Amino acid sequence: MARDMNDCPRVIRPRPLTPEAFAPYGEVIAHQGAERRHYLTEPMRHGPEVVRQAGWVSRVQAAPAGPIEIRLMERHRHAAQSFVPLTASPYLVVVAPTGADGLPDMARLEAFLATGSQGVCYRVGAWHHGLTVLQGPAEFLVLMGQTGRGDDDEFWQAPAPHAVVSLSD
């Protein structure tokens, strides 16, 4: 549901996704450097309660119209979660550090623009917004460890949007 920008407490403009900027939240999945292989460290990280690795393909049909409201955040306490684009579609990555209360610190929300050739791996416990494509339809390979108990996903719903990500100047 679109809102007037004046009703929103904060407007965030995304910056390009780089390994350095994203490092507090996880790892950019893209080749870096001149070596034949670029090894990744985060995608296989998980806690002792993980009993299986899961993978699936997610399809997002269309990009949202207008500014993107940030209201729902999620995290995965037991394992890292990776997204690898299969359709070369650019997408938005929105993250927040964990506050003292254990909830996302929405005052420190950050947004990044990922190219269709960059994947992301959210660290174990990293708060992030759901998958938001900028051109649809788009497909992503998703990889994540699971406990098998149905407690792999934790969601936090803000009573009102804390921020709006604007893709225009």
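To be clear, the structure that these remarks concern was listed above.
Residues numbered from 1 in each chain as written. Predicted model: local features only at pLDDT ≥ 70, side-chain atom pairs only at ≥ 80, totals over all residues. Heavy atoms only, no water.

*Asks:* Which parts of the structure should I look at to understand the sheet that holds strand β1 (residues 11-12)?
*Replies:* Backbone hydrogen bonds are what pair the strands of a sheet, in a parallel or an antiparallel way. Pairing within the open sheet is mixed, and its three strands lie in the order β1-β15-β5. Strands with a single pairing partner mark the edges of an open sheet, and in this sheet they are β1 and β5 (68-70). The sheet contact formed by β5 and strand β15 (residues 163-165) spans three bridges and is antiparallel. Residue pairing for β15: E69 is matched across the bridge by V164. (Pairing = 2+ DSSP bridges. Helix = DSSP H or I, 4+ residues; strand = E, 2+ residues; numbered from the N terminus.)

*Asks:* Mind showing me how you'd approach the packing of aromatic side chains here?
*Replies:* Two descriptors summarise a pair of aromatic rings, namely the distance from one centre to the other and the angle between the planes of the rings. Counted according to the given criterion, the structure contains five aromatic pairs. An angle of 80 degrees between the planes, with centres 4.9 Å apart, marks the rings of Y91 and F140 as edge-to-face. Highlighted residues: Y91 in strand β8 (residues 91-96) and F140 in strand β13 (residues 138-146), separated in sequence by 49 residues. According to the relative accessible area criterion, F140 is buried, its value standing at 0%. What links up through ring pairs into an aromatic cluster is the set F22, Y25, F83, F112 and Y122. (Phe/Tyr/Trp six-rings, centres within 6.5 Å; stacked < 30°, edge-to-face > 60°. Buried < 20%, exposed > 50% of the residue type's maximum accessible area, 1.4 Å probe, protein only.)

*Asks:* Sorry if this is basic, but what is going on with the pattern of salt bridges here?
*Replies:* When the charged atoms of two side chains with opposite charge come close together, those side chains can pair. Scanning the model with the defined rule gives nine salt bridges in all. E139 is the partner of R59 in a salt bridge, and the nearest nitrogen-oxygen pair spans 2.5 Å. In this pair, R59 sits in strand β4 (residues 52-60) while E139 sits in strand β13, placing the two residues 80 residues apart along the sequence. With a closest N to O distance of 2.6 Å, E154 and R77 form a salt bridge. (Salt bridge = Lys/Arg side-chain N within 4 Å of Asp/Glu carboxyl O.)

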